[in-house]
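Remarks on the overall topology
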Protein chains: 2
Amino acid sequence: MLEDKNQEKTSLSQLGEFGLIEHLTKHFEVTHSTTVKAVGDDAAVIDASEKQTVITTDLLVEGVHFDLSYMPLKHLGYKAVMVNLSDVYAMNAEAEQITVSLAVSNRFPLEALEELYAGIQLACATYKVDLIGGDTTSSTKGMLLSITAIGKAKKEELVYRDGAKATDLIVVSGDLGGAYLGLQVLEREKQVFQVNPTNQPDLDQYSYLIERQLKPEARKDIPKLLRDLEVQPTAMIDISDGLSSEIMHICKQSNTGCKIYEEKLPLDPQVIGTCEEFNIDSTMVALSGGEDYELLFTVSINDFDKIKGNPNLSVIGHITEAAAGMNLVTRANQEIALKAQGWNSFEE
Amino acid sequence: MLEDKNQEKTSLSQLGEFGLIEHLTKHFEVTHSTTVKAVGDDAAVIDASEKQTVITTDLLVEGVHFDLSYMPLKHLGYKAVMVNLSDVYAMNAEAEQITVSLAVSNRFPLEALEELYAGIQLACATYKVDLIGGDTTSSTKGMLLSITAIGKAKKEELVYRDGAKATDLIVVSGDLGGAYLGLQVLEREKQVFQVNPTNQPDLDQYSYLIERQLKPEARKDIPKLLRDLEVQPTAMIDISDGLSSEIMHICKQSNTGCKIYEEKLPLDPQVIGTCEEFNIDSTMVALSGGEDYELLFTVSINDFDKIKGNPNLSVIGHITEAAAGMNLVTRANQEIALKAQGWNSFEE
């Protein structure tokens, strides 16, 4: 439905590459004084700064990372930006600029790309980041988006993955597993639609889950909250591949172990209800479901009073010596070794 | 021949995404003191600086920008880096870091990606840039490379496209049209090979052209040369889409016209000889053949004495008032309007 079967649509070859970039980026405003030169030269220019620069990049491939049969293009654009900003916030930095590169088959009409860029623009406006460059080209099949995000932080505020220490508390923002379940719901509806295209699904009871999947928000608020609370995390990572995989990254790079408490995992009621309906274990979903884009971090135990009871944060366990291993403590008080069941895009 | 028909090769799914990144990047050394954190966290970190940061990104798609039937993967890796560094040098900046994102079908064995990264590593070592991050994922078809290059320059040294003024001289580094002709030779050999796979081509007489196509070098030396000569260009761009298209970018953004003299266009003897053999006009090749990655810039006419006779530089014309148009002055002293016949990847 997104391809160019309607002859009134504008084909990409009519515009050409330069015309296309100009057309798609002309409504983007530059909001940061540090953005000296955005789109339109050999390279973008960012002003000198006493802060350090953080850079992160992610590649999203149609048929691997997203399915346009249930992912509207505007949402895709928004989400692609979120995925990258999330990595900047996971450094405890502020995101200021992005570049967007796009490869699309020329069967996509211009109007489809306008939708995509409307989502990118909404994300830029909401999160106050400037689009400063990119590349637009054709692909032999489908759509591929490559986004790079650039941020700034004072050297002493940056948080890496390798600073966790035994007795540090493990904290997560928001709740877990929603995005994964949203995907399961959408996949099921796609199957139903293929059998019966006239079916009108009632997805109200899954609204939160679907929003978590289709319109995730990066946690820009958390670095700010931590500054306000005067808490400097010792390690931080964003949850893109599932809690289990992410805490294992922190432990390996910090050379520690951890204990995560099953009963402490933050779950939305829709996650619990839908897990029952799908007959899946909600703990498994919280540990291994990806794409939540929450922040996972460790703080000194001395900071407990500053964060306890904060509705945005859950303390879910603590860091241990490496020899103790990386474990989940179940509700039955059994210790089970964590497994990284994060997603591997190369699996057949 | 590059796909995984040999069962002794290592499949990408065995390694998984994290294992793959670690495996491919472990031999890369960090050489810049400004590279605070390279691969291995949510984002890379670059140190604070009194210089401005330039950022550029390019996407290369198999079947659109390169053909693996005659582009060895090591060369592809090298060239993909050159394409980006060239944009940094075209700002009169020094390149310091790159990120590399790769989408590949899992039919590529690990050994193929090692070749690709060997080329990237050679480029990094030769041009003294640090690999600081990226993303590696699967594609549904073929290979796609997205590279972002980061550089630094003092504010007053940066050169944009919009600073050319009437009477400025138009200067180009190196010679033109070689990469385009190299591609024509390789395409012809591919056709011959398809008809007669046992044919052993003798490509000696095209060696320079093929090298220009398969192993281009970005002109890192030119910004340095210009500093040594104490010449500050008024506008600069790199020649990726052909001289004609690039000078038109400078003229449009500077609101000027130009005169380019046909007899001044720098052509290698192999370009002239091969144009005769292929029965193509060498001026057309110099104007419209892309991928030379030479630098095109304008300088004040007062700098003429500093650059005349330099073997790396050719003065090919001058900037005029906008009303005079953008013209080629032929050997017969006729003026012909320049046309941007740069490449449009969206053409059918």
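Along every chain, residues carry numbers that run from 1 in the direction the sequence is written. Here the convention is simple: chains get letters from A, ligands get numbers from 1, in the order in which they are written. Only residues with pLDDT of 70 or above have their local features reported here, since the model is predicted, and side-chain atom pairs are shown and tallied only from 80 upward, although totals for entire chains, interfaces and linings are computed over all residues. Excluded from the side-chain calculation are hydrogens and water; included are all heavy atoms of the structure.

With respect to the interface of chain A and chain B
Contact with chain A, which involves 70 residues of that partner, is made by 70 residues of chain B. For the salt bridge of D41 of chain B with R161 of chain A, the shortest nitrogen-to-oxygen distance reads 3.6 Å. In protein, a polar contact requires one atom able to donate a hydrogen and another able to accept it; more generally it is a pair of N or O atoms within 3.5 Å, and residues adjacent in sequence count only if both atoms are side-chain atoms. Where chain A meets chain B, there are 21 residue pairs in polar contact (both at pLDDT 80 or more). By the criteria applied, helices consist of DSSP H or I runs no shorter than four residues and strands consist of E runs no shorter than two, each listed in order from the N terminus. In terms of residue count, strand β3 (residues 52-61) of chain A provides more of the side of chain A that touches chain B than any other element does, nine residues in total. Under this grouping Gly is polar, as are all residues other than the nonpolar Ala, Val, Leu, Ile, Met, Phe, Trp, Tyr, Cys and Pro and the charged Asp, Glu, Lys and Arg. Grouping the constituent residues of the side of chain A that touches chain B by class yields 27 nonpolar, 26 polar and 17 charged. Judged from the three bridges that link them, strand β2 (residues 44-46) of chain A and strand β3 (residues 52-61) of chain B form a sheet pairing that is antiparallel. Looking at the pairing, V45 of chain A lines up with V54 of chain B of β3 of chain B. Two residues qualify as a contact provided that any one of their heavy atoms is within 4.5 Å of a heavy atom in the partner residue. Salt bridges are counted wherever a side-chain nitrogen of Lys or Arg sits within 4 Å of a carboxyl oxygen of Asp or Glu. When DSSP locates at least two bridges between a pair of strands, those strands are taken to pair.

Some words on the sheet that holds strand β12 (residues 326-329) of chain B
Residue and element names in this part refer to chain B. Here seven strands make up an open sheet; going across it, the order is β8-β10-β7-β11-β9-β12-β13 and the pairing mixed. Across the chains shown, the open sheet's two edge strands, defined by having one partner strand only, are β8 (235-238) and β13 (335-337). With strand direction ignored, the average angle separating the axes of adjacent strands in the sheet is 25 degrees. As paired strands, strand β7 (residues 169-173) and strand β11 (residues 313-321) are joined by five bridges and run antiparallel to one another. Of the residues in β11, the one forming a bridge with L169 is H318. Only the stretch in contact is used when fitting a helix axis, every axis being a line fitted to C-alpha atoms; angles between N-to-C directions are given from 0 to 180 degrees. Set on the sheet, helix α6 (residues 221-228) makes contact with β7, β10 (295-299) and β11; between it and β10 the angle comes to about 20 degrees.

So, the domain arrangement of chain A
Residues and elements named next belong to chain A. Either an automatic procedure or a domain database provided the assignment from which the domain bounds are taken. Assigned domains of chain A: these are domain 1 (12-157) and domain 2 (169-337). Taken over C-alpha atoms, the centre of domain 1 sits 26 Å from the centre of domain 2. Opposite the 23 residues of domain 1 that make contact, domain 2 presents 22 residues. Between domain 1 and domain 2, a total of about 2100 Å² is buried, with carbon and sulfur atoms accounting for 54% of that surface. Broken down residue by residue, the surface that domain 1 buries against domain 2 is led by Y70, K79 and N92, which jointly contribute 31%. Summed over the shared surface of domain 1 and domain 2, the result is four salt bridges. Residue E291 is joined to K79 by a salt bridge in which the shortest nitrogen-to-oxygen separation is 2.9 Å. One can count 12 residue pairs in polar contact (both at pLDDT 80 or more) joining domain 1 with domain 2. Accessible-area loss on putting two parts together, using a 1.4 Å probe and summing over both, is the definition of buried area adopted here.

Observations concerning the pairing of β11 of chain B
The two faces of the sheet receive side chains in turn, since in a regular strand these alternate between them. Two elements, strand β9 (residues 256-261) of chain B and β11 of chain B, share five bridges in a ladder whose sense is antiparallel. Among the inter-strand pairings, G257 of chain B is bridged to a residue of β11 of chain B, identified as T320 of chain B.

Brief notes about the pairing of β7 of chain B
Residues and elements named next belong to chain B. Within β7, five of the five residues are buried, leaving the element largely enclosed by the surrounding structure. Buried residues are those whose accessible area, probed at 1.4 Å on protein chains only, stays under 20% of the maximum for their type, while exposed residues exceed 50% and partly exposed ones sit between those limits. Here β7 shows two buried faces, one formed by L169, V171 and S173 and the other by I170 and V172. When β7 meets β10, the two strands line up antiparallel, connected through four bridges. Bridge assignment links V172 to a residue of β10, and that residue is L296.

Comments concerning the sheet that holds strand β4 (residues 94-104) of chain B
Strands sit in the order β1(A)-β2(A)-β3(B)-β6(B)-β4(B)-β5(B) across an open sheet of six strands; the sheet is mixed. In the strand order of this sheet, the two ends are held by β1 (35-37) of chain A together with β5 (130-138) of chain B, each with one partner. Taken pair by pair, the neighbouring strands of this sheet meet at an average axis angle of 20 degrees, ignoring direction. Inspection of the sheet shows β4 of chain B paired to strand β6 (residues 143-153) of chain B by 10 bridges, in the antiparallel sense. Following the sheet pairing, V100 of chain B is matched in β6 of chain B by I147 of chain B. Contacts from helix α2 (residues 73-89) of chain B reach β3, β4 and β6 of chain B, with the element oriented near 35 degrees to β6 of chain B. Each of β4, β5 and β6 of chain B touches helix α3 (residues 110-127) of chain B; the most contacted strand, β4 of chain B, lies at about 170 degrees to it.

Digging into the pattern of salt bridges
Residues and elements named next belong to chain A. Tallied over the entire structure, the rule returns 35 salt bridges over all chains. Two residues, D292 and R212, come together in a salt bridge whose shortest N-O distance is 3.9 Å. Here D292 is found in the loop between α9 (282-288) and β10 (295-299), whereas its partner R212 is found in helix α5 (residues 207-214), with 80 residues between them in sequence. Note on accessibility: D292 and R212 belong to one class, buried. In this structure, K215 and E217 form a salt bridge, with 3.0 Å as the shortest nitrogen-oxygen distance. With relative accessibility at 26%, the residue K215 sits in the partly exposed group.

Structural notes on the packing of helix α4 (residues 178-195) of chain A against helix α8 (residues 269-278) of chain A
Residue and element names in this part refer to chain A. Put simply, α4 and α8 touch, their axes get as near as 10 Å, and they point 45 degrees apart. Viewed along their axes, α4 and α8 adopt a mutual orientation that is oblique. In terms of crossing hand, the pair formed by α4 and α8 is left-handed. On α8, the residues touching G178, L181, Q184, V185 and R188 of α4 are V271, T274, C275, E277 and F278. A per-class count over the contact of α4 with α8 returns five nonpolar, three polar and two charged. Roughly parallel refers to an angle under 35 degrees, roughly antiparallel to one over 145, roughly perpendicular to one between 65 and 115, and oblique to any angle outside these ranges. By definition, turning the near helix anticlockwise from the far helix through less than a right angle yields a left-handed crossing, and turning it clockwise yields a right-handed one.

Observations concerning the packing of aromatic side chains
Residue and element names in this part refer to chain A. Each Phe, Tyr or Trp ring, with Trp reduced to its six-membered ring, pairs with another whose centre is within 6.5 Å; inter-plane angles below 30 degrees give stacked pairs, above 60 give edge-to-face pairs, and intermediate values give tilted ones. This model, assessed by the stated rule, comprises four aromatic pairs over all chains. Seen in terms of ring centroids, F28 and Y117 are 6.2 Å apart; in terms of plane orientation they differ by 85 degrees. Their pairing is edge-to-face. Pair noted here: F28 is in the loop between α1 (12-25) and β1 and Y117 is in helix α3 (residues 110-127), with a separation of 89 residues, a long-range link. As far as burial versus exposure is concerned, F28 and Y117 are alike and both buried. Taking NZ or CZ as reference, K215 lies 4.3 Å from the ring centre of Y78, over its face. Charge over a ring is defined by NZ of Lys or CZ of Arg lying within 6 Å of the ring centre and within 35 degrees of the ring normal.

A closer look at unusual backbone geometry
For E230 of chain A, which is not a glycine, the phi torsion comes out positive at approximately 60 degrees. Here E230 of chain A is to be found in the loop between α6 (221-228) and β8 (235-238). Accessibility expressed as a relative area gives 64% for E230 of chain A, which makes it exposed. A positive phi angle, close to 70 degrees, is found at E291 of chain B, a residue other than glycine. Within the secondary structure, E291 of chain B sits in the loop between α9 (282-288) and β10.

Observations regarding the relation of the copies chain A and chain B
We superpose the copies by least squares over the C-alpha atoms of residues that have a pLDDT of at least 70 in both of them. The transformation that overlays chain A on chain B combines an axial shift of 0.0 Å with a rotation of 180 degrees, and the residual RMSD is 0.0 Å. Accordingly, the operation relating the two chain copies is best matched by a two-fold axis. Rotation axis and chain A: the residue whose C-alpha lies nearest the axis is S49 of chain A, separated from it by 3.0 Å.

Some thoughts on the side chain of D130 of chain A
Residues and elements named next belong to chain A. Counting through the fold element by element, D130 comes out in strand β5 (residues 130-138). At 2.7 Å, the side chain of D130 forms a polar contact with the backbone nitrogen of T31. There is a polar contact of 2.7 Å between the side chain of D130 and the side chain of T35. Not counting residues up to four positions away in its chain, the partners in contact with D130 are E29, V30, T31, H32, T35, E96, Q97 and I98.

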